[in-house]
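A closer look at the structure
Each chain, written out:
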Amino acid sequence: MKQLKYWAMAALMVGFAACSDDDVTMNSASATVEFESMAVTYNENYGIVQVPLQVTGELNGSVQVNFSVEPLQGAVENEHYVVTTNTITIPSSLEGTFACELHLLDDGITENDDRAVRITLESVEGATIGTNASCLVTIADVDKIPYYKLLGDYVLTAEDLVNGGEVSFNVTLSDGTTAEDKKANAESRYVAIGFDGSIGAGETWMIEYNKSAETLSIVPGDPVATGLNFGSFIGYAAVVPMDMSGGLGSYLNGTWNETYDTITFDPAGGLVGMGAFDQSSDLYMGYMSVYGNVVMNKVQ
């Protein structure tokens, strides 16, 4: 089913490209098109990536670029990457981003050597091909790195210190949704998605990744809801670490096991919960929920 969706996407992109070619005036001025770099590297989990082109010279019309993608180093098309279209039309305005687009397909937690493809500019209408006529794209495997092994869906269990008893809820550890987010978050932090539902579904909070210490730390997250009427003040809510009395904390440390499927936060190191803040002063006003003995188990 997943592969069917990618094929449909590719067909749709080709359809758009074909429509955009209607009534296009081609460039007749002197211009050159080439890759910005002869080699680039993207992590296999980046999703859609764009290998940038550059145009030099004058344009009085559009330029059409046709390129091919050659699999290398064990890469297999439609298994490790999808080519959404082999044609790019660059408008005379040079507005937008001009790049050869690939959809990288993450192979889960399978460890392997880096794969690669070579993108080559086969023909250009309305310009000439520059020196950088091809670009080697390395698709870097990340599954041997602990940070990436911990990504995924978890069930968080904890002791409810407000209502009593044990609770559980679903949490996803993500490195972001765009290639830019993933690059910024890599081996630095996780966006945790989902908490206790006290504000609504899909609450987000932050877990720092301490690479050298090989630990994790829950740190104060961004507001998950604003403009809340708490009676004596208007405020916002955020998932935050707390000290053992429910006061605002700086962090709550945790460790993972050898198989990267269980994360245990130090039961003596603090608590975590949904905190309430005054919207006008950002002062911590108290907790809405508090949990101790927090453990996260990956969904198999």
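Details of the structure are given in the entry above.
Residues numbered from 1 in each chain as written. Predicted model: local features only at pLDDT ≥ 70, side-chain atom pairs only at ≥ 80, totals over all residues. Heavy atoms only, no water.

Scanning the protein chain for helices and strands turns up 3 helices and 21 strands. Its C-alpha atoms give the protein chain a radius of gyration of 25 Å, more than 25% over the compact-globule value 19 Å for 300 residues. Along the first, second and third principal axes, the C-alpha set of the protein chain runs to 75 × 45 × 35 Å. In the protein chain, which comprises 300 residues, the proportion classed as buried is 44%. Here the contacts in the protein chain between residues at least 6 apart in sequence split such that 63% fall between residues at least 24 apart. Split by element, the accessible area of the protein chain, about 14700 Å² in all, is 50% carbon and sulfur. (Helix = DSSP H or I, 4+ residues; strand = E, 2+ residues; numbered from the N terminus. Rg over C-alpha atoms; globule rule 2.2 N^0.38 Å. Buried < 20%, exposed > 50% of the residue type's maximum accessible area, 1.4 Å probe, protein only. Contact = heavy atoms within 4.5 Å. Areas by Shrake-Rupley, 256 points an atom, 1.4 Å probe, with all protein chains shown as cover.)

This structure, assessed with the given rule, holds 6 salt bridges. A salt bridge links Arg118 to Glu70; its shortest N-O distance comes to 3.4 Å. In this pair, Arg118 is assigned in strand E8 (residues 115–125) and Glu70 in strand E4 (residues 63–72), connecting sequence segments 48 residues apart. Relative accessible area serves as the criterion here: at 30%, Arg118 is assigned to the partly exposed category. Residue Lys144 is joined to Asp141 by a salt bridge in which the shortest nitrogen-to-oxygen separation is 2.9 Å. You can call Asp141 buried: its relative accessible area is 6%. (Salt bridge = Lys/Arg side-chain N within 4 Å of Asp/Glu carboxyl O.)

Ordered in space as E2-E10-E8-E4-E6, the 5 strands form an open sheet in which the pairing is mixed. Bordering the open sheet on either side are strand E2 (39–43) and strand E6 (87–90), each of which pairs with just one other strand. Along the sheet, successive strands turn relative to each other by an average axial angle of 25°, direction set aside. (Pairing = 2+ DSSP bridges. Axes fitted to C-alpha atoms, helices over the stretch in contact; angles between N-to-C directions.)

Moving on, we come to the nonpolar core. Within the largest apolar cluster, 32 residues are counted, with the highest numbers of intra-cluster contacts made by Val51, Leu102, Ile119 and Val137. Excluding residues within four positions of it along the chain, Leu102 makes contact with Gly47, Ile48, Val49, Val69, Tyr81, Val82, Val83, Val117, Ile119 and Val137. (Core = buried A, V, L, I, M, F, W, Y, C linked by side-chain atoms within 4.5 Å.)

Attention now moves to the side chain of Ser217. Its place among the elements puts Ser217 in strand E15 (residues 215–219). Residue classification places Ser217 among the buried positions, given a relative accessible area of 5%. In this structure the side chain of Ser217 is engaged in a polar contact, spanning 3.1 Å, whose partner is the side chain of Asn210. There is a polar contact of 2.5 Å between the side chain of Ser217 and the side chain of Asn253. Apart from the residues lying within four places of it in its own chain, the contact partners of Ser217 are Met206, Ile207, Glu208, Asn210, Tyr251, Leu252 and Asn253. (Polar contact = N/O pair within 3.5 Å; in protein donor to acceptor, adjacent residues only side chain to side chain.)

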